[in-house]
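Here is how the chains run, residue by residue.
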Amino acid sequence: MTDGMLLLTCRGSAEIRATHDRTLEFTTDSAITGRATCVVGVDAALVSGGRVAGPVRVTITCGDQRAVVRALASSAWRPGGRAVIRRSGVRLANTLATDADTTAADLPRELVSLLARPDAEIEVRVDRDEGRWDGRGGVVLCHAGADPERLAAEIAAADVVVAEDQEARALVGDAARVVGGPLGEADVPEGGRVLVLASEDLPGASVTALLGAPERFAVECVGLPAPLAVAAASPARGRLLVGDRSRRREQVRSAPESRLVLRVPASSLEAVFADAERLRGTRTAALAGVAASACEQPRWGELDALLAEAPRGGDVVCCLDPAPGGAGEDEPGEDPFVAALLAEGVPARTVAMALAQRPDWGRKAAYDFVLRHRSRG
């Protein structure tokens, strides 16, 4: 990984306050008012670089003062526009990076004094970081149909690339870091970033072991709508059902062995989780906002922990896991019929395609299942 991914220049303004405690911004506007408390540079201009992704160090230099912000770059940001760095994980179109350890209010006041001078020249340099500032690694689940520029940035930022199907392998080409799953923690450098690329059935069986450890691996989703993002972020496997909010309680009660995706008002989430635990034995789920800007970083974990961090307004999407030990596990450990077909020499692809005709199987899940049988026999 090389340094100097992105370089911006700005100038100072007498209206810079730098008191916002959730964001900081480099604006392309030439003039601001004192109400723009997040702005720390005006007339922002791109000097060099393009799309960025993964952990970054943003160095703000003015005169003899500087500050470093560690954050997670968003590959959705387009160079040349406003550049906002957020403490939260929300990725709006103007968001250069999220999950920042520093906001405008945290900057040294000596630096802010220089930024408030209209003749100040400000340099903003974005370099790759060795890892996330919170010490966690990353798992990025990316659809093969994602924006090509985003995909290129995500590949460049990854330590390991998993191409799950033929279409994904064609996009990645001969990159030396491409591997086949499944992966465990020992296969990923400490604090490393794994990109899982697939044309369907994300994330397959490749990174299930990593998805179940949110304290060690943060999950990002690129090119997936909210319902598929929360489903992909859960380590539970097996049949996936998408619910109808008008029949929520009935659907929560039925098919407890399956994963269930629901879109509900954030104000109803506590009741939904209570029903899920009482009626189906669910203890874990994945959760995300509905908007594209909010669903790229779904969270998975215990219901109580998710509830404490949930948005207070609007709608959210959750994927309720099956009860522990109930196998979402829809998938039996062994299928005598599949084993017999393989023993008779029927090609694994033929068996998988036949299995995928069932309504509760995806092609990728069926293929992984058949390959596991073949490896055992």
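Here's what I pulled together on the structure shown here. (Residues numbered from 1 in each chain as written. Predicted model: local features only at pLDDT ≥ 70, side-chain atom pairs only at ≥ 80, totals over all residues. Heavy atoms only, no water.)

Sheet strands associate in pairs through backbone hydrogen bonding, adopting either a parallel or an antiparallel arrangement. Overall, mixed pairing links the five strands, which are arranged β14-β15-β18-β16-β17 in an open sheet. Two strands in the sheet have a free side with no partner beyond their single neighbour: β14 (240-242) and β17 (299-302). Each strand of the sheet is rotated relative to its neighbour by a mean of 25°, with strand direction disregarded. Pairing analysis gives six bridges linking strand β15 (residues 259-265) to strand β18 (residues 315-320), with the strands arranged antiparallel. Note that in β18 the partner of Leu-260 across the bridge is Leu-320. Where helix α5 (residues 226-233) meets the sheet, its contacts fall on β14, β15, β16 (284-289), β17 and β18, and the angle it forms with β18 comes to roughly 35°. (Pairing = 2+ DSSP bridges. Helix = DSSP H or I, 4+ residues; strand = E, 2+ residues; numbered from the N terminus. Axes fitted to C-alpha atoms, helices over the stretch in contact; angles between N-to-C directions. Contact = heavy atoms within 4.5 Å.)

Turning our attention to the state of the cysteines. Under the defined criterion, the tally for this structure stands at zero disulfides. In this model Cys-142 remains outside any disulfide bridge; the closest cysteine sulfur is found in Cys-221, 9.6 Å from its own. Of the cysteine sulfurs around Cys-319, a residue in no disulfide, the closest is that of Cys-318, at 7.8 Å. (Disulfide = S-S within 2.5 Å.)

To continue, consider the pattern of salt bridges. Within the structure shown, the criterion is met by 28 salt bridges. Of the charged contacts, one joins Asp-106 and Arg-87 as a salt bridge, the two residues approaching to 3.0 Å between their closest N and O atoms. Taken as a pair, Asp-106 in the loop between β7 (95-98) and α1 (109-115) and Arg-87 in the loop between β6 (83-86) and β7 lie far apart in primary sequence, 19 residues in all. For Arg-193, the salt bridge identified is with Glu-220, shortest N-O distance 2.7 Å. Of this pair, Arg-193 sits in strand β12 (residues 193-198) while Glu-220 sits in strand β13 (residues 217-222), placing them 27 residues apart in sequence. In this pair, the class of Arg-193 matches that of Glu-220, namely buried. (Salt bridge = Lys/Arg side-chain N within 4 Å of Asp/Glu carboxyl O. Buried < 20%, exposed > 50% of the residue type's maximum accessible area, 1.4 Å probe, protein only.)

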